[in-house]
Amino acid sequence: MSATIWAPGRVNLIGEHTDYSGGLVLPIAIQLGIGLSAEPSDRIRLVSAGERLELAADGAGAPYGWGRYVAAVAQELAELGRPPVGIDGVIEADLPRGAGLGSSGAFEVLVGLALCAAARFELEPLELALACQRAERRAVGVPSGILDQAASLLGRAGFALLLDCGSLEHRWVPLPEDVTVLVLDSGERHAHEGSGYADRRRELEAGDPRRVRHVETENERVRETVAALESGNAAALGPIFAASQASLRDDYEVSTPRLDALVAAALEAGAFAARMTGGGFGGSIVALVDPERAAEVLARTVAQGWTVRSADGATRRRTDSNRDRA
Ligand code: GLA
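Please read all numbers here as calculations on a predicted model, not as lab measurements. (Residues numbered from 1 in each chain as written. Predicted model: local features only at pLDDT ≥ 70, side-chain atom pairs only at ≥ 80, totals over all residues. Heavy atoms only, no water.)

Chemist: How should I be thinking about the packing of aromatic side chains in this particular structure?
Modeler: The geometry of an aromatic ring pair is captured by the separation of the ring centres together with the interplanar angle, meaning the angle of the planes. Under the defined criterion, the tally for this structure stands at three aromatic pairs. Ring centres 5.5 Å apart and planes at 65° place the aromatic pair Y20 and Y197 in the edge-to-face group. Highlighted residues: Y20 in the loop between β1 (3–12) and β2 (24–25) and Y197 in helix α5 (residues 197–205), separated in sequence by 177 residues. Owing to a relative accessible area of 6%, Y197 belongs among the buried residues under this scheme. Summarising the aromatic geometry, the rings of Y69 and F107 are spaced 6.5 Å apart at their centres and angled 80° between planes, so their arrangement reads as edge-to-face. Here Y69, found in helix α1 (residues 67–79), pairs with F107, found in helix α2 (residues 103–118); they are 38 residues apart in sequence, far enough to count as distant. Under the relative-accessibility criterion, Y69 is labelled buried at 14%. (Phe/Tyr/Trp six-rings, centres within 6.5 Å; stacked < 30°, edge-to-face > 60°. Helix = DSSP H or I, 4+ residues; strand = E, 2+ residues; numbered from the N terminus. Buried < 20%, exposed > 50% of the residue type's maximum accessible area, 1.4 Å probe, protein only.)

Chemist: Explanation requested: the sheet that holds strand β7 (residues 159–164) in the structure shown.
Modeler: Backbone-to-backbone hydrogen bonds join strands into a sheet, with any given pair of strands oriented parallel or antiparallel. What the three strands build is an open sheet, ordered β2-β7-β8; its pairing is antiparallel. Both outer strands of the open sheet, β2 and β8 (170–174), are each paired with one neighbouring strand and no more. Pairing of β2 with β7 involves two bridges; the strand directions are antiparallel. Across the sheet, L24 pairs through a bridge with D164, a residue of β7. Packed onto the sheet, helix α4 (residues 147–154) meets β2, β7 and β8 and runs at close to 135° relative to β7. (Pairing = 2+ DSSP bridges. Contact = heavy atoms within 4.5 Å. Axes fitted to C-alpha atoms, helices over the stretch in contact; angles between N-to-C directions.)

Chemist: Before we go on, may I ask you to explain the nonpolar core in this structure?
Modeler: One recurring pattern in soluble globular proteins: nonpolar side chains tend to sit buried together. Counting residues in each nonpolar core, the largest one holds 107 residues, and the members touching the most others are V11, L26, L46, V70, I87, F107 and L184. Take this core: its biggest share by element is 10 residues, from α2. Among residues more than four places away in sequence, those in contact with L46 are L36, E51, R52, L53, W66, V70, I87, G89 and I91. (Core = buried A, V, L, I, M, F, W, Y, C linked by side-chain atoms within 4.5 Å.)

Chemist: Before we go on, may I ask you to explain the environment of P63 in this structure?
Modeler: With respect to the element layout, P63 can be found in the loop between β5 (51–56) and α1. Sequence separation of P63 and E122 is 59 residues, and the distance between their C-alpha atoms is 26 Å. Beyond its immediate sequence surroundings of up to four residues, P63 is in contact with L53, L55, R68 and A71.

Chemist: Would you take a moment to explain the environment of Q245 for this structure?
Modeler: Following the sequence through the fold, Q245 ends up in helix α7 (residues 237–250). For Q245 and P27, which are 218 residues apart along the polypeptide, the C-alpha to C-alpha distance reads 16 Å. For Q245, the residues in contact, after removing those within four places along its chain, are S255, D260, V263, A274, R275 and M276. Side-chain polar atoms of Q245 contact the side chain of D260, separated by 2.9 Å. (Polar contact = N/O pair within 3.5 Å; in protein donor to acceptor, adjacent residues only side chain to side chain.)

Chemist: Even after reading the chapter, I still don't get the site of the ligand, so can you show me in this structure?
Modeler: Inspection of the region around the ligand gives R10, E16, H17, D19, Y20, S144, G145, L147, D148, Y197, G278 and G279 as its neighbouring residues. Between G145 and the ligand, the recorded distance is 3.0 Å, taken from a backbone N or O atom to an oxygen atom. Within the backbone of G279, one N or O atom sits 3.3 Å away from an oxygen atom of the ligand. Burial of the ligand by the protein chains amounts to 95% of its free accessible area of 310 Å². Here the shell around the ligand is built from residues that sort into three nonpolar, five polar and four charged. (Near = heavy atom within 4 Å. Areas by Shrake-Rupley, 256 points an atom, 1.4 Å probe, with all protein chains shown as cover. Nonpolar A, V, L, I, M, F, W, Y, C, P; charged D, E, K, R; others polar.)

Chemist: Would you take a moment to explain the packing of α1 against helix α3 (residues 125–140) for this structure?
Modeler: Helix-helix packing is described using two parameters, namely the angle between the two axes and the distance between the axes. As a packed pair, α1 and α3 sit with axes 8 Å apart at the nearest point and diverge in direction by 130°. What the angle tells us is that α1 and α3 run oblique. Helix-helix and strand crossings are classified by hand; for α1 and α3 the assignment is right-handed. Taken together, the residues of α3 that come into contact with α1 (itself represented by R68, Y69, A72, V73, Q75, E76, L77 and E79) are L128, A131, R134, A135, E136, R138, A139 and V140. (Parallel < 35°, antiparallel > 145°, perpendicular 65-115°, else oblique. Left-handed = near helix turned anticlockwise from the far one by under 90°.)

Chemist: When you look at the pairing of strand β12 (residues 305–308) in this model, what are you seeing that I'm missing?
Modeler: It is a general feature of regular strands that their side chains alternate between the two faces of the sheet. Of the two faces of β12, only one is covered, namely that formed by W306 and V308; the face formed by G305 and T307 stays uncovered. Pairing analysis gives four bridges linking strand β9 (residues 180–185) to β12, with the strands arranged antiparallel. Across the sheet, V181 pairs through a bridge with V308, a residue of β12.

Chemist: Explain the pattern of salt bridges here, please?
Modeler: Opposite charge on two side chains allows them to pair when their charged atoms are near. Considering all chains together, one arrives at 22 salt bridges under this definition. A salt bridge links R211 to E203, with the nearest nitrogen and oxygen atoms 2.8 Å apart. R211 gets classed as buried once you look at its relative accessible area, which sits at 5%. Several salt bridges share partner residues, and in doing so they unite R200, E203, R210, R211 and E253 into one network. (Salt bridge = Lys/Arg side-chain N within 4 Å of Asp/Glu carboxyl O.)

Shown next, in the form of structure tokens:
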């Protein structure tokens, strides 16, 4: 049985650098993502953009590059009891890497779902998200939180996901129809392997007052954002996003001059709320804009940007049936 899997990227509306201390996040899964069509096989054989990877079905092997994520996901799932069934497949993506849209989390989710499907091994979405989060650390040593993997698995079209990363309690918050969400790419590429991501986590855990203040105030801003969305008061998001950006710049120090300038340019061009999104040190900003001004904001700010639509979380479609979710 072959399977086609799709895992979306995410844009985090607010709740940045709060996940790994058990705080609140509010991402949306987006229409940009990664797909994989795969057949069960004796080993793991994958092709992506002409690059081939081959590993044992339990993830043993010494890969490099994106292969490290595949190996780490397979190893995490093996530890949870997944039978060692391999996959043979081709990966295709329209989700840019390193742009702050959760590409590595989406990739882990994609591989995890494909490996589970091939071995007929079932995991609850949050169990899989946690396994993929551990895989991120195992693969590249980045001690990330669960934001990206949870968003890729639990997103819903028309909604943002409100997730308490401590208790894993979650619910979906409707997105206003008259607001367009833009992602504007600063062009500054990051890989959290080499960035200050792990330093920030360490500083937070050591109790650095500015880092702690960012997290406390950011959690409060997530609550305020949810209240504004639920009361249909999107205009209130402008000052909340501005305060988030200032806190990420001054207290958490993960923004960059280019991200700061892009936020200012988006507001200047007509967005009513804007802030960096994702881990920072480069990547993208998220901007909220009235639909009729979206094209102008895109045109006046960056070479690369996207109007993002909220999407459903990762799906598994069996190609031998018409069902949407297997
Ligand atoms: C990256 C990590 C997430 C989260 C964000 C910051 O995207 O993968 O776990 O920490 O940074 O909010």
